[in-house]
Amino acid sequence: MTAAQPPVYLDQATAEILARCYRGELKRDVLARAVRMLADADGHLTPDGRIKRGIGGRNETRRQS
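Quick caveat: nothing in here was measured; it's all calculated off a predicted structure. All residue numbers refer to positions counted from 1 along the written sequence of the respective chain. Side-chain atom pairs in this predicted model are given and counted only at pLDDT of 80 or more, local residue features only at pLDDT of at least 70, and totals for whole chains, interfaces and linings cover all residues. To obtain the side-chain values, all non-hydrogen atoms of the structure were used and water was disregarded.

Trainee: Would you take a moment to explain the overall build of the chain for this structure?
Mentor: Every helix listed is a DSSP run of H or I at least four residues long, and every strand listed is a run of E at least two residues long, numbered separately from the N terminus. If you tally the helices and strands in the chain, you get two helices and zero strands. Within the chain, the proportion of its 65 residues that are buried is 11%. Computed with a 1.4 Å probe, the accessible areas rest on the Shrake-Rupley method; for each residue, only the protein chains presented here act as cover. Approximately 6,200 Å² of the chain is accessible, and the part contributed by carbon and sulfur atoms is 54%. Whether a residue is buried, partly exposed or exposed follows from its accessible area with a 1.4 Å probe, protein chains only, as a fraction of its type maximum: under 20%, in between, or over 50%, in that order.

In structure tokens, the structure reads:
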């Protein structure tokens with residue numbers, strides 16, 4: 001048995017982009033692809049797609065501003 005997917009709530013502009021630009025594709029697939037591309041562009045992924053550790057990765061300790 002598969003665990004239920006948590007719901008994702010979109011603002012109106014994002015919902016419109018999905019409806020108009022990605023017609024026929026599953027919203028969850030488009031959003032998953034977008035998150036992976038964003039994480040890669042932000043430098044959070046290794047070249048093989050794993051999450052980096054340390055500087056720029058998820059285990060980085062960030063200074064409070």
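Read on, since the account is not over.
Trainee: So what exactly am I meant to see when it comes to helix H2 (residues 27-41) here?
Mentor: In this analysis, the expected span of each helix is defined as 1.5 Å times one less than the number of residues it contains. Between its first and last C-alpha, H2 extends 21 Å over 15 residues, near the 21 Å set by a 1.5 Å rise per residue. One or two residues past the end of H2 sits Gly43, with phi positive at roughly 85 degrees.

Trainee: Please explain the side chain of Thr46 as it appears in this structure.
Mentor: Locating Thr46 in the fold gives a position in the segment after H2. Nitrogen and oxygen atoms within 3.5 Å of one another constitute a polar contact, given that in protein one can donate a hydrogen and the other can accept it, and given that sequence-neighbouring residues count only through two side-chain atoms. At a separation of 2.3 Å, a polar atom in the side chain of Thr46 contacts the side chain of Asp48.

Trainee: It is not clear to me how the pattern of salt bridges should be interpreted in this structure. Could you clarify?
Mentor: When charged atoms on two side chains of opposite charge get close, those side chains can pair. Within this document, salt bridges are pairs made up of a side-chain nitrogen of Lys or Arg and a carboxyl oxygen of Asp or Glu, the two lying within 4 Å of each other. Using the criterion set out here, one finds three salt bridges in the structure. Here Glu16 makes a salt bridge to Arg20, at a shortest N to O gap of 3.1 Å. Of this pair, Glu16 and Arg20 both sit in helix H1 (residues 12-21), four residues apart, which is roughly one turn of that helix. The partner of Glu25 in a salt bridge is Arg33, and the shortest N-O contact between them spans 3.2 Å. For Glu25, a relative accessible area of 37% gives the class partly exposed.

Trainee: Honestly, the environment of Asp11 in this entry has me stumped. Any pointers?
Mentor: Along the chain, the position of Asp11 falls in the segment before H1. A polar side-chain atom of Asp11 sits 2.6 Å from a polar atom in the side chain of Thr14.

Trainee: What is the right way to read the environment of Leu10 from this model?
Mentor: With respect to the helices and strands, Leu10 occurs in the segment before H1. For Leu10, a relative accessible area of 33% gives the class partly exposed. Excluding residues within four positions of it along the chain, Leu10 makes contact with Ala15, Leu18 and Leu31. Here, residues are in contact when the closest pair of their heavy atoms is within 4.5 Å.

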